[in-house]
Amino acid sequence: ATRGLDIVATFEYMDPDIEVVNNYLMRAGLVVELFPFPFVEFRVMGRRLWADQALTGGSWDLVVFAHLFM
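Not measured: the values here are computed from a predicted model.

A. Quick peek at the sheet that holds strand 1 (residues 4-14). Taken together, four strands build an open sheet; the order of strands is 1-2-3-4 and the sheet is antiparallel. Bordering the open sheet on either side are strand 1 and strand 4 (58-68), each of which pairs with just one other strand. Each strand axis lies, on average, 10° off the axis of its neighbour in the sheet, ignoring direction. As defined by bridge partners, strand 3 (residues 40-51) adjoins strand 4 across 11 bridges and the pair is classed as antiparallel.

As structure tokens, this is what we get:
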């Protein structure tokens, strides 16, 4: 891993059984990865999940972590 910045956008759609009504899942995310020094990564990821099965209709996730590559 070298110095730099990555920005990643994701979208996922899953419908395990198209015969069943209201059982799909959709998830969209945005990831920012910062490599300030060689072999060091800081990552911040936000995701939104939409699900008809959930009573609230979906949820938000925020994930923050650091990697040290050896």
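B. Region of the structure containing the side chain of R48. Tracing the backbone shows R48 in strand 3. Buried within the structure, R48 lacks any salt-bridge partner; its nearest side chain of opposite charge belongs to D61, at an N-O separation of 9.0 Å. Of note is the side chain of R48, whose polar atom sits 3.5 Å from the backbone oxygen of S59. Excluding anything up to four places from it in sequence, R48 contacts M26, R27, A28, G58, S59 and W60.

C. Local environment of a nonpolar patch on the surface. Residues L5, I7, L30, V32, L34, F42, V44, L62 and V64 make up a contiguous nonpolar surface patch of roughly 860 Å² in combined accessible area. Within the residue set of the nonpolar patch, elements represented by two or more residues are strand 1, strand 2 (25-35), strand 3 and strand 4. It is strand 2 that provides the largest number of residues to the nonpolar patch, a total of three residues. With respect to the element layout, L5 can be found in strand 1.

D. Spatial organisation of unusual backbone geometry. A positive phi angle, near 70°, is found at F39, a position not held by glycine. Here F39 lies in the loop between strand 2 and strand 3.

E. Just the pattern of salt bridges, in detail. Going through the model one piece at a time under the given rule, you end up with four salt bridges. A salt bridge links E12 to R27; the nearest nitrogen and oxygen atoms lie 3.0 Å apart. Of the two residues, E12 sits in strand 1 while R27 sits in strand 2, which places them 15 residues apart along the sequence. When its relative accessible area of 27% is taken as the criterion, R27 is described as partly exposed. Taking the shortest distance from any N to any O, the salt bridge between R43 and E41 comes out at 3.8 Å. Residue class for E41 comes out buried when judged on its relative accessible area of 4%. Shared partners join several salt bridges into a network, and the residues in it are E33, E41 and R43.

The rules behind these values
- Residues numbered from 1 in each chain as written.
- Predicted model: local features only at pLDDT ≥ 70, side-chain atom pairs only at ≥ 80, totals over all residues.
- Heavy atoms only, no water.
- Pairing = 2+ DSSP bridges.
- Helix = DSSP H or I, 4+ residues; strand = E, 2+ residues; numbered from the N terminus.
- Axes fitted to C-alpha atoms, helices over the stretch in contact; angles between N-to-C directions.
- Buried < 20%, exposed > 50% of the residue type's maximum accessible area, 1.4 Å probe, protein only.
- Lys, Arg positive; Asp, Glu negative; His and termini not counted.
- Salt bridge = Lys/Arg side-chain N within 4 Å of Asp/Glu carboxyl O.
- Polar contact = N/O pair within 3.5 Å; in protein donor to acceptor, adjacent residues only side chain to side chain.
- Contact = heavy atoms within 4.5 Å.
- Patch = residues over 30% accessible without salt bridge, like charges linked within 9 Å, V, L, I, M, F, W, Y side chains within 5 Å.
- Areas by Shrake-Rupley, 256 points an atom, 1.4 Å probe, with all protein chains shown as cover.

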